[in-house]
Amino acid sequence: PLVTTTEMFKKAYAGGYAVGAFNVNNMEIIQGITEAAKEENAPLILQVSKGARNYANPIYLRKLVEAAIEDTGLPICLHLDHGDSFETCKSCIDDGFTSVMIDGSHLPFEENIALAKRVVEYAHDHGVVVEAELGRLAGVEDEIKVSAEDSSYTQPEEVNEFVSRTGVDSLAIAIGTSHGAYKFKGEAKLRFDILEEVSRLLPGFPIVLHGASSVVPEFVEMINQYGGSMPGAQGVPEDMLRQAARSAVCKINIDSDLRLAMTAAIRKHMAEHPSDFDPRQYLSPARTAIKEMVKHKIVDVLGCNGQ
Ligand code: G3H
Ligand code: 13P
Ligand code: NA
Ligand code: ZN
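Residues numbered from 1 in each chain as written. Chains lettered and ligands numbered in written order. Predicted model: local features only at pLDDT ≥ 70, side-chain atom pairs only at ≥ 80, totals over all residues.

Turning next to the overall build of the protein. Looking only at helices and strands, one finds 12 helices and 11 strands in the protein. Over its C-alpha trace the protein gives a radius of gyration of 18 Å, about what one expects of a compact globule, namely 19 Å for 307 residues. C-alpha extents for the protein along the principal axes are approximately 60 × 45 × 35 Å. Counting across all 307 residues of the protein, residues that qualify as buried make up 50%. Look at the contacts in the protein between residues 6 or more apart in sequence, and 73% of them connect residues 24 or more apart. (Helix = DSSP H or I, 4+ residues; strand = E, 2+ residues; numbered from the N terminus. Rg over C-alpha atoms; globule rule 2.2 N^0.38 Å. Buried ≥ 20, exposed ≤ 12 C-beta atoms within 10 Å, placed from the backbone. Contact = placed C-beta atoms within 7 Å.)

Take a look at the structure:
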């Protein structure tokens, strides 16, 4: 069935692990992720961005997720990633999503609160949970680019007021991660002190970590080896993600690693089989690469297998 994150997060918080939230854009990605979660008996969040909805047409992704639930029997949360407005959130809630993110992190504090509060009222009336964000991540999303100068860490002194006035169910914080495949210029650094302070101020409250791909070096190498060019790609080291998963962080967002797995597998297949032209020939290894990568995240990074 489609489920909210309420029970998932309670168990994750108590169990010292995190649930993976994977971005989905097409059938092969959904299949690769859900097959991995089924084999590892893991809780699962599938998230759809506004860009993904525009790409696939809203109805297709929802129907594909429904198909995955029917096929695997897994309880899955269907979540809107980075909702940009009340209207986008409402549209997803009306569509059957069980969770939405309202991303007002670029707004002044009071406006972020007002917007999140409005979404929470509508969402909770419909049995849907809400994630919001305080602080700004650097990096690239479909329609939004945030430069490193415009990014900012979450200010712990704001979190209590934000959560109590909005009624949100989880909170994404900015501690130095960013979206995309180029997260750090030099050494990776995250502000775990901010995470600790936030979780001290909000005991038992689920925290979300965006920009949490590790930008798997093997995939970057494979892409570069087979005709791609991604010099300097770098993600969050897995040990930092393990540390986050043991903490109040209950949801870890992964998109770039799916993109890299898929692209690496397709590039390799294309290079090694230049005469293939049936999409199934290169999408099969792409789907398998996603499945294996997600299994690794579930078992070796998030610790949510068997939960
Ligand atoms: O946070 C952004 C996610 O990676 C989704 O990216 O907006 O390009 O679909 P997108
Ligand atoms: P990555 O780019 O690190 O995969 O982050 C994904 C994300 O935060 C989606 O909201
Ligand atoms: Na956790
Ligand atoms: Zn994000």
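Bringing the UniProt feature "active site" (unreviewed entry) in the protein into the picture now. Cross-referencing UniProt, the feature "active site" (unreviewed entry) maps to Asp-81 in the present numbering. With respect to the element layout, Asp-81 can be found in strand β3 (residues 76-83). Residue classification places Asp-81 among the buried residues on the basis of 26 C-beta atoms within 10 Å. Residues within four places of Asp-81 in sequence aside, it is in contact with Asn-23, Gln-47, Val-48, Ser-49 and Met-101. (UniProt positions renumbered as here; feature names shortened; annotations may be inferred.)

Our focus in this paragraph is the site of ligand 2. Neighbouring residues of ligand 2: 13 residues in total, closest His-210, Ser-213, Asn-253, Asp-255 and Ser-256. The set of elements that each furnish at least two residues to the shell around ligand 2 consists of β3 and β11 (249-254). Of the residues contributing to the shell around ligand 2, the split by class is two nonpolar, nine polar and two charged. (Near = placed C-beta within 6 Å. Nonpolar A, V, L, I, M, F, W, Y, C, P; charged D, E, K, R; others polar.)

With numbering aligned to this structure, UniProt lists the feature "binding site: Zn(2+) 1" (unreviewed entry) at His-82, His-179 and His-210. With the annotated positions falling across 129 residues, the maximum pairwise C-alpha distance of 11.7 Å places them together in a single cluster. Tracing the chain through its elements places His-82 in strand β3. Judged by local crowding, His-82 falls into the buried class, with 26 C-beta atoms found within 10 Å. Here His-179 shows up in strand β9 (residues 178-179). Judged by local crowding, His-179 falls into the buried class, with 23 C-beta atoms found within 10 Å.

A separate point is the packing of helix α7 (residues 156-166) against helix α8 (residues 192-201). Two numbers describe how α7 lies on α8: the axes approach to 9 Å, and their chain directions differ by 35 degrees. As α7 runs across α8, the sense of the crossing is right-handed. Across the interface between the two elements, Pro-156, Val-159 and Asn-160 from α7 touch Ile-194, Glu-197, Val-198 and Leu-201 from α8. (Axes fitted to C-alpha atoms, helices over the stretch in contact; angles between N-to-C directions. Left-handed = near helix turned anticlockwise from the far one by under 90°.)

With that settled, consider the nonpolar core. In terms of nonpolar packing, the biggest core is built from 97 residues, with Ala-18, Val-100 and Ile-252 touching the most fellow members. With eight residues, helix α12 (residues 279-302) is the largest single contributor of residues to this core. The residues contacting Ile-252, other than those within four sequence positions of it, are Ala-18, Gly-20, Ala-21, Leu-209, Ala-212, Leu-241, Ala-244, Ala-245 and Leu-302. (Core = buried A, V, L, I, M, F, W, Y, C linked by C-beta atoms within 7 Å.)

In this section: helix α9 (residues 217-225). Along α9, the residues classified as buried are Phe-219, Val-220, Met-222 and Ile-223. Axial view of α9: buried residues confined to an arc of 160 degrees, hence all on one face. Facing away from the buried surface of α9 by more than 90 degrees, the exposed residues are Pro-217, Glu-218 and Gln-225. Contacts from the buried residues of α9 go to α11 (256-272). Following α9 by one or two positions, Gly-227 adopts a phi angle in the positive range, close to 100 degrees. (Arc of directions from axis to C-beta.)

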